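Structural overview for review
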Amino acid sequence: MTASRIVDRIRDLLQITEPFNRLPESEREALLADVSVEYFGPDEVILEQGTTRVKGLYIVESGLVRLRDVVQQRLISKCTEGQTFGSFGLLKSQGVAVYEATALEPTVCIVLSARRFLELYKTNEEVAAYFDQDVNQYVLRLGTDVDVPGAHLLFGQRLGRLPLRRPPVCAPETPACEAARQIDQAGGGPLVVMDEGRPIGILTDADLRSRLVAAGRPLETPVQALMTTPAVTLSDQASLFEAMMAMLDRRTDALVVVPAEGATSGEAVRLLTDRDVAHFRGQDPMATVQRIDSVGAVSDLVNIRREVSLLLARLYRQEVPPELLGRFLAALYDRISVRVLHLVEQALASQSPAPPPDVPWVWLRLGSSGRQEMALTSRQHNAVLYVAPAEAEAARHAADWFARLAEDVNRALEACGFAPSPITARESAWRLSLRAWKRQVRSWIFEADAAALQDVLPFFDLRGIYGDLALVDELKADIVDALNVQMLDRERHLPARLADAAAERRGSASLLRRLVPERLLDNGAPVDLREQGLLPVVDAARILALEARYLTSTNTFDRLRHVAAALPEEARTLDAALEAYQNLTSLRLEHQLRAAEEGEAPTNLLDPAQLTRYQRTFLRNALAAVDDLQDLLTRRFKKKR
């Protein structure tokens, strides 16, 4: 291979490798003077644990490298094209390799010199943040086996690099008979409907059967009257895991993959189905979803809930970030809840002499489930919102119906392993009409003191999962209106009262949390990861988001990112809190999964004696970042009073 061709391959590799692909082209080009190319045969040791001086950052150009702790006989990870290793040794262990790196097949690596890597780390904040997080994830997983078959496909592989099929396409005015012919020629797969170079819908065999044949429509019916719209689209730069999450969130089994710059013709689009996800993954989370959606009795969901926990453990071992795992777990738990609601509705309709009330309604998830931040110890937090009929008798019937529905659903969710809480729809205070909810929320915003707000903080994490979701938007709009009006009363500023409520709810735990960073390494006091680490961040993010009128998402990660952009003067503290929240979430998940695998009940209590020295220092730093966030709240809302 010519020297120019080698340089071109190095240039192409840097262009697709995180975080170098974020650098300006001129900076990437400057790195070429400090890289070398190394070739390794099968089973050749690249780094010897504890003795090899790491000469630089290794980037795999081709082949496969195994990272292994030979002392503990533990697999750490496997690296393939575009993945890096060696950063931990350069940044945290005086340049000595902390694991063994071995080529499993003929492998080519480019090596960025240690001097140049450390220089870039010190001068570029984005590069430093990336490798700090990489090091943190390694520290968090010390002592943890990693399940890696197909892991790089699940998380890192971009859709544009997968062999996705080109679907048949047609225009909106295409007759159904012609679309059916195209689907048949393509082997029965979905057809994508394009309008001016943009995917607007998907047409399947099932659509033709139910919306054309069963409905008795003529064969010349245009496909725009039959298609499922809008088409769910995703950039070809998204990962396979992001695609799976999009399918779960949008409740679809197919999505259209378009170029990052946008589709300009049918030639450019590709199709990804749930079967493709299963094929590329080598394992099948989507099969779990299909089983959830097809069960005929609540009892069948009990075993599936256990299966979800096992699936979560497998994905965690495959190094899926905790933020995505929380969303994934919430999405699967949403599907379980939706199936329970459907089964209970059917049962009530068949048992009741009167028909169900013909009114719009929605099932709400609150608290951690509303935020899509579920853990193995998360409890039920839910509510019902409905439009009460104007006529008194019909209103009484609706109230009775939703009371029975809520009781049966909450009981069924308990049978599936979701522990109850005081905030559930079976309680009349959490089962109200739209008008009553508006009155209640305005009462909290205008009148409630800190003590009264303590018990209702999870409500402000509301998210609809079943029913008429437009009701949620209407209630959120009313919350924003009430907040805008309430801002005129500086003595009753809601975010300040919420800050007081959050502090009172934590009580002595807040003081204990502040003491922990100072004494953690000395006496190993137990740490409640939820009360002392996670909840203070959740509360702060909620308060700051309400102050900013950000109700688009209730997820803590989303809230912190939005507020950091809205308050650039506080961005450093908020970014540090976001990183701390990510790492504390990962630490709790690892702790709970390990307990579950050992047959113990998962808890939020962590014994620091179980942690390595690196992990204890890491935990202390995370809790210090939480303290800084609490100081930000204190400074900010003292000014509001």
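For every chain, the first residue of the written sequence is number 1, and numbering continues from 1 along that sequence. The predicted origin of the model limits local features to residues at a pLDDT of at least 70 and limits the giving and counting of side-chain atom pairs to 80 or more, whereas totals for whole chains, interfaces and linings rest on all residues. In computing side-chain values, all of the structure's heavy atoms are included and hydrogens and water are not.

What follows is about the pattern of salt bridges. The rule for a salt bridge is simple: a side-chain nitrogen of Lys or Arg has to be within 4 Å of a carboxyl oxygen of Asp or Glu. Inspection of the entire model under this criterion finds 35 salt bridges. The partner of R327 in a salt bridge is D558, with the nearest N and O atoms 2.9 Å apart. You can see R327 sitting in helix α13 (residues 322-351) and its partner D558 sitting in helix α22 (residues 556-566), a full 231 residues away along the chain. The partner of E393 in a salt bridge is R396, with the nearest N and O atoms 2.6 Å apart. Placement of the pair is E393 and R396 together in helix α15 (residues 392-415), with a separation of three residues, close to one helical turn. Helix and strand labels come from DSSP, where a helix needs a run of H or I of at least four residues and a strand needs a run of E of at least two; each type is numbered from the N terminus.

Within 6.5 Å between ring centres, the rings of Phe, Tyr and Trp (the latter by its six-membered ring) count as paired, and their orientation is classed by plane angle as stacked under 30 degrees, edge-to-face over 60, tilted in between. Taken as a whole and assessed by the stated rule, the structure comprises 17 aromatic pairs. On the numbers, 5.4 Å between centres and 50 degrees between planes, the contact of W361 with F402 is tilted. Here the residue W361 occupies a position in strand β15 (residues 361-365), and F402 occupies one in helix α15, the gap between them amounting to 41 residues. A residue is classified by how much of its surface remains accessible, and W361, at 10% relative accessible area, is buried. Between W437 and F459, the ring centres sit 5.1 Å apart and the planes meet at 20 degrees, which makes this aromatic pair stacked. Of this pair, W437 sits in helix α16 (residues 434-446) while F459 sits in the loop between α17 (450-454) and β18 (463-467), and the two are 22 residues apart along the sequence. Pair check on accessibility: W437 and F459 agree, each one buried. An aromatic cluster is present here, built from F20, F117, Y121, Y130 and F131 joined pairwise through their rings. Accessibility here uses a 1.4 Å probe with only protein chains present; expressed as a share of the type maximum, an area under 20% marks a residue as buried, one over 50% as exposed, and anything in between as partly exposed.

Our next topic: the nonpolar core. In this text, buried Ala, Val, Leu, Ile, Met, Phe, Trp, Tyr and Cys residues form a nonpolar core when linked through side-chain atoms within 4.5 Å. In this structure, W430, W437, W444, F459 and L619 are the most contacted members of the largest nonpolar core, which totals 68 residues. In this structure, I292, A313, L329 and L405 belong to the second largest nonpolar core, which totals 66 residues.

What follows is about the sheet that holds strand β9 (residues 169-170). Judged by pairing direction, the sheet is mixed, and its three strands sit side by side in the order β9-β10-β11 without closing on themselves. Only two strands of the sheet have a single neighbouring strand rather than two, namely β9 and β11 (198-203). Across two bridges, the pairing between β9 and strand β10 (residues 191-195) is parallel. Bridged to V169 within β10 is V192. With respect to the sheet, helix α7 (residues 176-185) is in contact with β9, β10 and β11, its orientation differing from that of β10 by roughly 130 degrees. Pairing between strands requires that DSSP locate at least two bridges from one strand to the other. Should any heavy atoms of two residues lie within 4.5 Å, those residues are counted as being in contact. Fitted lines through C-alpha atoms serve as axes, helices being fitted only where they are in contact, and the angles separating the N-to-C directions of these axes extend from 0 to 180 degrees.

Here we take up the side chain of Q592. Positionally, Q592 belongs in helix α23 (residues 571-597). Residues adjacent in sequence count toward polar contacts only when both atoms are side-chain atoms; beyond that, a polar contact is any pair of N or O atoms within 3.5 Å, and within protein one must be able to donate a hydrogen and the other to accept it. At 3.4 Å, the side chain of Q592 forms a polar contact with the backbone oxygen of T603. Excluding residues within four positions of it along the chain, Q592 makes contact with A375, L376, T377, P602, T603 and N604.

What follows covers the confidence of the model for the protein chain. On a scale of 0 to 100, pLDDT captures the predictor's confidence in every residue. Across the protein chain, the average pLDDT comes to 83, with 86% of residues at 70 or higher. Contacts for the low-pLDDT stretch residues 144-154, under 50 throughout, to residues beyond four places or in other chains number 36 contacts. Every residue in residues 507-518 is under pLDDT 50, and counting partners more than four places away or in other chains gives 20 contacts.

Attention shifts here to the packing of α13 against α15. Viewed as axis vectors pointing N to C, α13 and α15 meet at an angle of 130 degrees, and their least axial separation amounts to 9 Å. Viewed along their axes, α13 and α15 adopt a mutual orientation that is oblique. Crossing geometry of α13 relative to α15 is assigned as right-handed. Residues S337, V340, L341, V344, E345, L348 and A349 of α13 form the contact with α15, whose own contacting residues are W401, R404, L405, D408, V409, A412 and L413. Amino acids outside the nonpolar list (Ala, Val, Leu, Ile, Met, Phe, Trp, Tyr, Cys, Pro) and the charged list (Asp, Glu, Lys, Arg) are all regarded as polar, and Gly is one of them. Within the contact of α13 with α15, the residues separate by chemical class into ten nonpolar, one polar and three charged. When an angle is under 35 degrees it counts as roughly parallel; over 145 it counts as roughly antiparallel; between 65 and 115 it counts as roughly perpendicular; any other value is oblique. A clockwise turn of the near helix away from the far one marks a right-handed crossing, whereas an anticlockwise turn of less than a right angle marks a left-handed crossing.

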